[in-house]
2 protein chains.
Amino acid sequence: MATPVRSGLPRAVRNPEFPLPSAPGATQEEIRRQNLGAVLRHVHVHGATSRAELTSRLGLNRSTIGALAADLAATGLVTEETPTTARRAGRPSLVVSPRSDRVYAHALSIEGDRLRAALIGLGGRILDLREVSRPGGMSAFDAVGPLGGLVRDMDSAVAADALFVGGAVAVADTTRDRDGKIRIGGADDALRTALEAEFAPGLGFVAGDLADIAGLAEHLRGAAAGINDLVYLHGDLGISAGIIIGGRLVVGHRGHSGKVGHMVVNPGGLPCGCGSRGCWETEIGDAALLRHAGREPGERGGILEVLDAAASGERSARAALQHVADWLGFGVANLVNVVNPDTVVFGGSLRRVYAAGADAVRRRLDEIVLPASREHVQLRAAALGRNAALIGAAELAFDQLLADPLNAGAAG
Amino acid sequence: MATPVRSGLPRAVRNPEFPLPSAPGATQEEIRRQNLGAVLRHVHVHGATSRAELTSRLGLNRSTIGALAADLAATGLVTEETPTTARRAGRPSLVVSPRSDRVYAHALSIEGDRLRAALIGLGGRILDLREVSRPGGMSAFDAVGPLGGLVRDMDSAVAADALFVGGAVAVADTTRDRDGKIRIGGADDALRTALEAEFAPGLGFVAGDLADIAGLAEHLRGAAAGINDLVYLHGDLGISAGIIIGGRLVVGHRGHSGKVGHMVVNPGGLPCGCGSRGCWETEIGDAALLRHAGREPGERGGILEVLDAAASGERSARAALQHVADWLGFGVANLVNVVNPDTVVFGGSLRRVYAAGADAVRRRLDEIVLPASREHVQLRAAALGRNAALIGAAELAFDQLLADPLNAGAAG
């Protein structure tokens with residue numbers, strides 16, 4: 001049975017640690033469904049877990065956990081096995097593991113200069129991954145065809161009894177379309193509709209902003225795992241943010257939050273592609289680093305070359321890094337004053353810029369951020385690298401299965 | 001029975017329209033308690049409501065609503081009366097109203113230049129209100145004593161059978177203490193402890209940031225009623241924001257979100273009291289308007305005088321208003337790009353600045369905000385005036401009663 005198509009990002013990132021709340025007057029069947037979801041979500045996020053540990057973690061009793069795990073195993077969503085090394089006397093508790101090999105989602109990303117598609121198994125394991133370059137000027141709409149090709153290639157190798165649960169796409173924002181307009185892809189319903197058409201009607205998938213989705217992945221499985229108040233900053237051709245506060249994505253009224261690359265930080269600065277002037281992107285984007293280092297614009301490898309040159313002492317490269325890191329710290333400081341995160345995670349191309357220029361970033365925070373917010377905030381490089389968006393997209397695709405494990409998915 | 005002391009703001013502003021979710025395995029008693037809360041919350045927010053309308057609004061059946069309303073009436077939390085004009089044939093549905101006269105909270109505010117205290121009845125009605133000025137240099141801690149005096153005066157006139165449910169205080173942020181340090185009062189536990197001591201141990205109250213609390217009031221009962229994604233901007237001696245996204249306050253890691261007055265908007269601008277330079281406050285605070293209009297700093301009535309002079313065409317006053325409104329729009333535009341609100345509400349002293357300079361504010365938004373966020377955002381003057389912080393504080397104080405109506409409050 002195919003899952004219904006959903007649009008946009010869920011507002012709540014559910015806490016995987018506890019059974020979900022139910023409405024008043026929930027039936028036994030509803031409660032059972034929620035508890036099945038809680039068990040499946042736990043092993044999906046934390047990996048193989050013994051029945052004994054599930055019992056204590058989820059606050060349900062032993063026989064309930066046993067019955068739930070057996071039901072999930074019978075449906076082929078988990079395995080239950082005797083641990084190879086029993087550490088205590090008595091009968092060892094069965095270990096429950098997600099069937100990463102059998103239960104999978106499509107995870108896609110439309111990035112600044114490439115298109116990526118992966119099959120990701122329950123538990124977040126990447127089973128297959130393909131990518132093609134995205135030529136300059138190719139709109140997000142034009143990307144639908146090539147992505148479909150990548151997905152069909154991968155699907156042709158999937159076992160007949162595999163369980164497909166749906167798909168999701170992470171779209172880099174502020175992509176420029178053929179008409180010259182900057183579009184915000186992730187929240188653009190026309191794009192989602194086009195993707196739906198390509199992947200056949202009735203196939204469930206979600207479309208969202210790439211920084212939101214990569215931030216979600218870092219929150220669930222990466223540099224900010226266990227942290228509920230974070231700003232994830234993503235550098236690609238532009239700069240955007242995924243903001244998670246109180247464990248929930250701050251998506252905004254129409255899903256357009258986090259367009260931090262278009263905060264004006266330098267009134268009277270350079271013109272930006274958005275039509276404004278002095279946007280943060282114009283000071284910290286890849287193009288700014290290349291320009292200040294005296295390099296040609298547009299080279300992808302150019303960023304790494306400049307950072308390497310800065311590390312080996314080249315004067316212009318060092319000055320360029322200082323300039324970009326200083327402005328990076330400036331904008332981060334403003335964001336910290338606005339949202340008071342516990343952690344700021346630097347991802348995409350900003351991961352390396354931060355790693356190389358962390359001192360300059362911190363200096364700006366010391367200068368600008370109010371002490372009450374400064375003293376607790378942590379700065380971290382992203383942990384999931386270039387796969388964050390795909391891993392996050394898979395989380396969205398798995399969401400429906402985890403909410404109702406016995407009634408989602410379609411045989412592959 | 002006194003309510004326990006709570007610290008900080010609740011992360012979730014509950015949606016008053018629906019019964020609260022319950023945990024799996026909720027008992028009948030828990031479900032009943034939640035449904036009692038849903039009925040009481042509805043009449044608290046929306047005022048007198050017939051049983052028939054409660055039935056359709058809350059999705060519970062008629063006999064359940066009847067039993068819940070009768071229980072609430074028996075406890076003295078609501079009244080049930082036959083409507084004076086029956087509009088249809090048949091027995092008219094009883095009208096359920098909150099007992100604003102009997103059930104009340106203490107609502108306090110520590111503002112830039114004054115201290116205010118009110119008794120606020122269920123349903124948000126102000127029953128009594130006192131204020132004294134706050135001398136320059138008086139710390140938030142020093143304010144505890146005078147506030148206690150105001151509260152005792154008001155309490156002495158309360159009827160013996162009144163039901164007191166607790167209190168809350170809204171603290172303007174970035175108040176400067178005797179040691180010269182800027183403190184963030186609302187999230188400062190030492191301040192809350194001092195207030196707890198003054199108001200006697202065992203008395204329940206909450207402390208929070210004034211802009212968060214005033215924003216909550218505008219969200220529940222004011223200019224943004226029914227709107228779930230908003231930025232409330234508050235001008236007092238400083239500038240701060242209450243950010244509500246998806247119906248929830250974005251409070252941040254330690255409750256320090258919304259310190260928007262200390263976003264740096266003008267690198268190389270004027271020094272700010274926080275130690276940084278070019279903060280938004282230095283361009284749009286009351287002091288900036290007075291300075292640009294050639295007035296003496298520090299006069300409270302001075303703002304209104306300048307706005308009046310601008311309205312009657314005085315050149316320097318008009319230029320000052322233009323300057324401040326232009327920078328106001330600049331910062332708002334950045335915030336709209338970051339959080340994509342449906343509505344921005346201008347409160348405190350910014351209410352009048354916005355009303356007088358709306359064109360300049362809008363021009364900046366047109367210039368800076370990405371079209372996808374610009375086309376839907378609404379700008380509004382605050383509706384609750386100077387009472388917003390008190391009304392919002394009362395909402396926090398009523399929260400526990402609304403969660404468990406039959407087990408909160410103490411006879412006055």
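To start, this report covers the structure provided alongside it. (Residues numbered from 1 in each chain as written. Chains lettered and ligands numbered in written order. Predicted model: local features only at pLDDT ≥ 70, side-chain atom pairs only at ≥ 80, totals over all residues.)

1. Section: the overall build of chain A
Within chain A one finds 13 helices and 16 strands. Here chain A, with 412 residues, has 53% of them falling under the buried criterion. Residue pairs in contact within chain A that sit at least 24 positions apart in sequence constitute 65% of those at least 6 positions apart. (Helix = DSSP H or I, 4+ residues; strand = E, 2+ residues; numbered from the N terminus. Buried ≥ 20, exposed ≤ 12 C-beta atoms within 10 Å, placed from the backbone. Contact = placed C-beta atoms within 7 Å.)

2. What to know about the relation of the copies chain A and chain B
What relates the two chain copies is a rotation about an axis together with a slide along it. With an RMSD of 0.0 Å, the operation that places chain A on chain B is a rotation of 180° combined with a shift of 0.0 Å along the axis. What the rotation and shift describe, once combined, is the action of a two-fold rotation axis. With an isologous cut-off of 70% or more, the 100% of interface residues of chain A that recur at the interface of chain B puts this contact in the isologous class. (Least-squares fit on C-alpha atoms with pLDDT ≥ 70 in both.)

3. A closer look at helix H1 (residues 28-46) of chain B
Residues and elements named next belong to chain B. Between its first and last C-alpha, H1 extends 27 Å over 19 residues, near the 27 Å set by a 1.5 Å rise per residue. Among the residues of H1, Arg33, Asn35, Leu36, Gly37, Ala38, Val39, Leu40, Arg41, His42, Val43 and His44 are the ones counted as buried. The elements touched by buried residues of H1 are strand E1 (49-50), helix H2 (51-58), helix H3 (62-74), strand E2 (78-81), strand E3 (95-98) and helix H13 (388-403). Directly beyond the C-terminal end of H1, a positive phi value near 80° is found at Gly47. (Expected span 1.5 Å × (residues − 1).)

4. A word on the pairing of strand E10 (residues 205-209) of chain A
Residues and elements named next belong to chain A. Buried residues dominate E10, accounting for 5 of its 5 residues. Strand direction decides the pairing type here: strand E7 (residues 163-171) and E10, joined by 5 bridges, are parallel. By the bridge assignment, Val171 is partnered in E10 with Asp209. (Pairing = 2+ DSSP bridges.)

5. Brief notes about the interface of chain A and chain B
In this complex, chain A contributes 45 residues to the contact, which on the side of chain B involves 45 residues. When residues of the side of chain A that touches chain B are traced back to their parent elements, those giving at least two are helix H1 (28-46), helix H10 (315-339), helix H11 (350-368) and helix H12 (371-374) of chain A. Counted by class, the side of chain A that touches chain B contains 20 nonpolar, 18 polar and 7 charged residues. (Nonpolar A, V, L, I, M, F, W, Y, C, P; charged D, E, K, R; others polar.)

6. Considerations on the packing of H2 of chain B against H3 of chain B
All names here are of chain B. The interhelical angle for the contact between H2 and H3, taken along N-to-C directions, is 115°, at an axis separation of 9 Å. Considering how the two elements wind past one another, H2 and H3 form a crossing that is right-handed. Across the interface between the two elements, Arg51, Leu54 and Thr55 from H2 touch Arg62, Ile65, Gly66 and Ala69 from H3. In terms of residue class, the contact of H2 with H3 is made up of 3 nonpolar, 2 polar and 2 charged. (Axes fitted to C-alpha atoms, helices over the stretch in contact; angles between N-to-C directions. Left-handed = near helix turned anticlockwise from the far one by under 90°.)

7. Let's talk about the environment of Ala70 of chain B
By the element assignment, Ala70 of chain B lies in helix H3. Taking C-alpha positions, Ala70 of chain B is 9.3 Å from Val96 of chain B, a pair spaced 26 residues apart along the chain.

8. Describing the nonpolar core
If you look at soluble globular proteins, the nonpolar side chains tend to sit buried side by side. In this structure, Val39, Ala393 and Ala397 of chain A together with Val39, Ala393 and Ala397 of chain B are the most contacted members of the largest nonpolar core, which totals 250 residues. Not counting residues within four places of it along the chain, the set of residues in contact with Ala393 of chain A comprises Ala107, Leu108, Ser109, Ala168, Val169, Ala170 and Ile213 of chain A. (Core = buried A, V, L, I, M, F, W, Y, C linked by C-beta atoms within 7 Å.)

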